[in-house]
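Secondary and tertiary structure notes
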Amino acid sequence: MSTTALYNDQQGGAEAAVEAGQETTATISSGGAAFGLFSTDFKKNEDLKEMLESNKESLKLEAMKRIVQLISKGKNASDLFPAVVKNVASKNIELKKLVYVYLVRYAEEQQDLALLSISTFQRALKDPNQFIRASALRVLSSIRVPIIVPIMMLAIKEAASDLSPYVRKTSAHAIQKLYSLDADQKEHLIEVIEKLLKDKSTLVAGSVVVAFEEVCPDRIDLIHRNYRKLCNLLVDVEEWGQVVIINMLTRYARTQFTSPWKEDGIFDESEKAFYDSDSEEKQGQREAKPYIMDPDHRLLLRNTKPLLQSRNTAVVMAVAQLYWHLAPKHEVSIVTKSLVRLLRSHREVQYVVLQNIATMSIQRKGMFEPYMKSFYVRSTDATHIKTLKLEILTNLANEANISTILRGFQTYVKSQDKAFAAATIQAIGRCATNISEVTDTCLNGLVLLLSNRDETVVAESVVVIKKLLQTQPTQHCDIIKHMAKLFDNITVPMARASILWLMGEYCERVPKIAPDVLRKMAKTFTSEEDIVKLQTVNLAAKLYLTNSKQTKLLTQYILNLGKYDQNYDIRDRTRFIRQLIVPSEKSGALNKYARRILLASKPAPVLESAFKDRDRFQLGTLSHSLNIKTTGYQELSDWPATAPDPSVRNVEVIEPVQEWAPSLGKAKKPKSDKFYSDDEEDEKEEEGSGSGSEDDSSSSSSSSSSSGGSSEESGSASEEESSGDSEKTSSDSGKSSSGSEVSSSESESKQKKKKLTKKATPRKSKQTAADSDSDENGNGPVGKTSSSSAESSSDSESDSEEDSDSDSPAPQKKTVAKTKPKVEVKSKKEVSLLDLDDFSPAPPSAPKSSVFSSSLLSDLEGLSLSNVSSAMQVTSSSFGPVKTYELLHHMTGKGLSAKYHFPRQPCLYQPSMVAVQVILTNSSDHSLEEIHIGDRSPGSLNVHCFNTVERLEPGASVSVSMGIDFSDSTQAANFQLCTKEDQFSVSIQPAVGELLMPSTMKEPDFCSEQKKLMGMNETSATITMATANTSKQNISKQVLSVANVGVVSSDQNNLQRFSGRTVSSGALVLVTLELRESSTALLTINTEKTVMASMLLRDLKQALSQA
Amino acid sequence: MIHSLFLINASGDIFLEKHWKSVVSRSVCDYFFEAQERATEPENVPPVIPTPHHYLISVLRHRIYFVAVIQSEVPPLFVIEFLHRVVDTFQDYFGVCTEAAIKDNVVVVYELLEEMLDNGFPLATESNILKELIKPPTILRTMVNTITGSTNVGEQLPTGQLSVVPWRRTGVKYTNNEAYFDVVEEIDAIIDKSGSTITAEIQGVIDACVKLTGMPDLTLSFMNPRLLDDVSFHPCVRFKRWEAERILSFIPPDGNFRLLSYHVSSQNLVAIPVYVKHNITFREGSSQGRFDLTLGPKQTMGKAVESVLVSSQLPRGVLNANLNPSQGTYTFDPVTKLLTWDVGKINPQKLPSLKGTMNLQAGASKPDENPTINIQFKIQQMAISGLKVNRLDMYGEKYKPFKGIKYMTKAGKFQVRT
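If you're wondering where the values come from, they're calculated on a predicted model, not measured in any experiment.

Reading the values: rules and limits
Residues numbered from 1 in each chain as written. Chains lettered and ligands numbered in written order. Predicted model: local features only at pLDDT ≥ 70, side-chain atom pairs only at ≥ 80, totals over all residues. Heavy atoms only, no water. Helix = DSSP H or I, 4+ residues; strand = E, 2+ residues; numbered from the N terminus. Buried < 20%, exposed > 50% of the residue type's maximum accessible area, 1.4 Å probe, protein only. Contact = heavy atoms within 4.5 Å. Areas by Shrake-Rupley, 256 points an atom, 1.4 Å probe, with all protein chains shown as cover. Pairing = 2+ DSSP bridges. Axes fitted to C-alpha atoms, helices over the stretch in contact; angles between N-to-C directions. Expected span 1.5 Å × (residues − 1). Salt bridge = Lys/Arg side-chain N within 4 Å of Asp/Glu carboxyl O. Polar contact = N/O pair within 3.5 Å; in protein donor to acceptor, adjacent residues only side chain to side chain. Nonpolar A, V, L, I, M, F, W, Y, C, P; charged D, E, K, R; others polar. pLDDT = per-residue confidence, 0-100.

Overview of the overall build of chain A
Counting its regular elements, chain A contains 51 helices and 15 strands. Across the 1107 residues that make up chain A, the buried fraction comes to 59%. Taking as baseline every contact in chain A between residues at least 6 positions apart, the subset at least 24 positions apart corresponds to 68%. With the model as given, the accessible surface of chain A reaches about 43700 Å², and the carbon-plus-sulfur share is 51%.

What to know about the environment of Leu203 of chain A
Residue position: Leu203 of chain A is located in helix H13 (residues 202-215). The exposure class assigned to Leu203 of chain A is buried, which follows from its relative accessible area of 13%.

Let's talk about the sheet that holds strand S17 (residues 318-325) of chain B
All names here are of chain B. The four strands lie next to each other as S14-S15-S20-S17, forming an open sheet whose pairing is antiparallel. Strands at the two margins of the open sheet, each flanked by one partner only, are strand S14 (274-282) and S17. Neighbour-to-neighbour, the strand axes of the sheet open up by a mean angle of 15°, direction not taken into account.

Some remarks on helix H26 (residues 418-434) of chain A
Three- or four-residue spacings in an α-helix give side chains the same orientation, since the helix completes a turn every 3.6 residues. Residue and element names in this part refer to chain A. If you check H26, its first and last C-alpha atoms are 24 Å apart, about what 17 residues at 1.5 Å a residue would give, namely 24 Å. Burial of H26 is extensive: twelve of the 17 residues sit out of reach of the surface. Every buried residue of H26 is accounted for by Phe420, Ala421, Ala422, Ala423, Thr424, Ile425, Ala427, Ile428, Gly429, Arg430, Cys431 and Ala432. Those residues of H26 that are buried lie in contact with helix H24 (383-396), helix H25 (402-413), helix H27 (439-449) and helix H28 (455-471).

Focus on the interface of chain B and chain A
Of the residues lining the interface, 107 residues belong to chain B; the matching set on chain A comes to 104 residues. Between Glu126 of chain B and Arg311 of chain A there is a salt bridge, with its nearest N and O atoms 2.8 Å apart. Joining chain B to chain A, the criterion identifies 39 residue pairs in polar contact (both at pLDDT 80 or more). Looking at the side of chain B that touches chain A, the element that brings in the most residues is helix H2 (residues 76-94) of chain B, giving eight residues. Tallied by class, residues from the side of chain B that touches chain A come to 48 nonpolar, 28 polar and 31 charged.

Some remarks on the confidence of the model for chain B
Here chain B shows a mean pLDDT of 85. Residues at 70 or above account for 92%. The ipTM value of the predicted complex is 0.89, and its pTM value is 0.65.

Observations regarding the pattern of salt bridges
Evaluated as defined, the whole model comprises 46 salt bridges over all chains. For Asp381 of chain A, the salt bridge is made with Lys389 of chain A, and the minimal N-O distance between the two is 2.9 Å. Lys389 of chain A carries the same exposure label as Asp381 of chain A, and that label is buried. Linking Asp88 of chain B and Arg61 of chain B is a salt bridge whose minimum nitrogen-to-oxygen distance equals 2.9 Å. You can see Asp88 of chain B sitting in helix H2 and its partner Arg61 of chain B sitting in strand S4 (residues 55-61), a full 27 residues away along the chain. Under the relative-accessibility criterion, Asp88 of chain B is labelled partly exposed at 35%. A relative accessible area of 12% places Arg61 of chain B in the buried class.

Structure, rendered in structure tokens:
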């Protein structure tokens, strides 16, 4: 590149050199206009400086724009550095950005001067605006000046714990920059990566995985605990992050799971059994099967599948390769359709996708065979696309479709694109060897091509025919003779050499022609290409051995010519052949075997695909595309023979859970007399501590329950009371005093849960930590089951108690009782416990009596709540009849019917779960046994199953409770309801309002929270309400029937406020209803979960407009 | 990831370079030029080229090569997809993506590239976010800027990136709220000599232009969603809803975007809307060839076939052609041997035809192959697959938007072998 050289000169040179260079540049540049531009630029370098030092922003900006133009052309503007760097603190955003561009480009060259700008960035890192912090970190980390490494390290560490996910994302990018600048920082950076990997924000996930791949791709152990989170977040991560995460997870999965490919057939069966609800025999087989896919393995496959629909081709390809490398063989084919779709995209995309399909189609013809038409070549395709399509068509060829393919090939051979035509001939050759039925047809076709006018076509045909004849040792004299005739007209060396070789090899079959060909060759020997000469020597030697009478002299002549050839290969070969075939005293023993050496039968060449060996590389990678190992390529490891311990991926450490169960028993007995205050302290302590504080929690919860008991002497509370809220503690302890200890253990688990929720909510800044905390609880199925089993084992009564608990009173009553307290809070917000009441609590003491009485009554009288106090009336009436949904009809369930409703109580099992009450009824005439929830797919929502119902008599019904973590989406939870004999697929779809839990707050708090959730977090609509709904009570009734929120008491008459949190992530949901004239109202919902907001808005609107 | 980007024009000049990590010398492009020389056609340059220390991944759009330099393993599609996204963004910003447009707006280009990648990893590629960061240049704004000295860079920092709907900018306001959807289907087909269809498939897209205030939540349902065999969505579409109900539910980005692209399976019978009668012959020994082409509509459900354009790459031996079109105009480029015939609208009563003779090089032998005929056409108000939008509803906002839907069928890669 002459221009480059010139630029370099300029850079190095003095002023004069610049002058000279400038003129040359000008002449090089094409237009006259450019000339003006260039010359002014250079003359104005001084002017630029002046402009930059002026006071006018517009002048500075103009100067920077010109400088950027220089940079974009690859010219040197480094002499302006001091003038530019002064403007780094400019207030003008565009100017600042351009200065950043300049800084990043030249800081490396002007390190000392670059340091001047550092303090500006350090200051900006503390800016209250997250975008300014982020951009400061971006630029700071892009300045490749080794001296600031410690500053960068510090900034990265700080940014990694920034509140803004955007800043954390930037810090993930900065990690790689720092690593490339100073690899010694690796250990520290890994710490930061470890921390960021735990981040729950989708914004961060992609970037941190990039950093992980760059800095420490071998530290697979860092992934374990984040594996499930990454799988679950994947769909919501931005598209570029998805690609990186999928590739990383592919590598991860290959080290952690066992191969799903072994004994594939058996697995096939089990898969069917998995989905097929009524295949008993297959179930039997499943028990015997040797391979069970790790649920985490399944989770990955399931969560990546929707991404096949991505518009980003790289994402689709990434998923495709993941399935190729990880999925059981019979599942891989789901990617086919999407890959074929990519062929509609740009030429470059086609190229890469076709390469990958080519590799895949070698191993798995069946995958692409139905889409064969998509690989038909179009005359407008670029040559490399055409050849790749040809490759794939050849791979797909079999007895059934070969005639179609060959017909296509006939068209392609005539193509004006000769390179493509030649490739087609090779493809025909491959088809001919692979499919014996068509070998003769192909051979004849190729022979016809020998008379083609185009030389490359003929040459290619000859080469292919040579190979074919070799694989077909039958008589093909005619073809050889025909080729000998054509020999004079063929000039392509490779083709000539091939014919000569054929002559030599089969010289005994064409005894008359071969010597004549040799004679012709002797004449032209000197003017031939090397490869032809070598074959001539070969032919001569072979003829000498078979037909020495006719060819002896010719051979000697050729050997003499060869002896003095310019090429040493030919000289060597000649010398060797001479020694071998011409008997002399020196040649010795080898001479006798000359015939056997030269005329040995040779193994036929195997015509294989050029993509045969590409499967050593991971699909979709650069290495695969180039078929060379690129720098930084991470080998995909083989499946481990035995899977490493899968429990490493359990986010919850198992031991504490096991401890927790026995501690229940212990905690029960002491019934310490601690009072509220202690218990709060405990909880506060725990806010800081992570998992493993289960002992604490159980003791604290037990203390709270006991304290509840002591504060509230009445032991008459009903069970419904206990199951819902903080009040239950008192009632529970009351109950436990009356004999049934189990309920207290149950309440403890609730307590514990409650506490977790508390932990999650009180401090915004702790949000993420708390989230991950709750996630820990939510994400470990093993831990979960063990905990539940521990529960049942530690206290055998608990099951029965649970059952009987929910059995006797109608579940509707429960919910009624439970929702009551929320409304009460409105009137009684001054109660002391309010600090703790982030989760649906009710003030424990004051309204209790009324609650008790009402609930007791409800217990006795069913749903009638007639003689409750007025405060209660509002509440109880505020919640209409519980909506019960059908889960399984008794017709489809073979007698088993199931209904469910949302009791709106905090879930026992995990705080992030929504409690669901399921009523199982046996309407058949025989008893049903072992009703339980079957295996769930790992990718589905996290579900806490109910304990197996051992036996259900005809006509009897039982109510069981389960917990489902809907992750704040209305996605349906699918699972299998199994009896001893059958399995039924069922699904629970929650209304959006059920994904909330009430949150109590005072009006000022509400207002301040609402202010934080303005802008796009606010959704509002004006609604027209049915006239019946205009009263305040009715409104809250309607709202509460739709959504599980708490009422915020307000002095304003025309305003009604409700607050709640999403169950899973604890995001605030604030509902405001502003009454306007003529039964219209403005309904506003403030929450980060905008999607939920719009759905909730819709539901509320509907409810309020109905009478 | 992506180290540097070079933009190279048709004549082989590097007219823009941008580095995201340390500077890579321009000389790395020499390897690209080598590959370019080896390739006979511009399209034949391999998209991935290895060099001793770097790898070059390039895309060719609008006669400009976008060459990305990378240093270590990265999925090639990742880079290719990104480069195409860059081109799309330029096109979105400047209307056209030409060397002149890029040179004129080099500062905006630089600002865009700076925002799109951080350390070689894509940062913001959503056009909605970028437009918040950097306002697209318009004539008016350029004038105002030069007078007042104000800038193209958005004063406000983007909020969209942080929200749950990163593709939509906040605070959108329109006086006329409107949402238009274009269902555009393309037929890819290969028709053989005898007129029978070798392969035909339909690829469709739904392009949307949504100008709605606030945060509208739209649902779009089809009369016959089963037709769609394979779909890919804009990230805004809720996949779960589609899986369950076959309804497109989404909070749209602001402005123009591609909502959906789909494929109607090749298993279905595809109605081919035009037929071609052709008679192209070269006689051995004579230096003349006959050319006879007639077009006619079929299976168009009464809709007119418009903007018909026939092109054909004639064999190299053809010197010139004396043809007589019954309608429209034709051109023959004696250098590239490309024959194009701009037919216009097909009148079913009077079928358009192109007849005449071709002159071959004296002494040249008869070409092996008859030329392939490529046809382009448009049919308005019809989606050839029969796909129909049922209804469009909006939630989350109070106003009544103006809704519109348009159907169109086009020829994609429509080839007739002769």
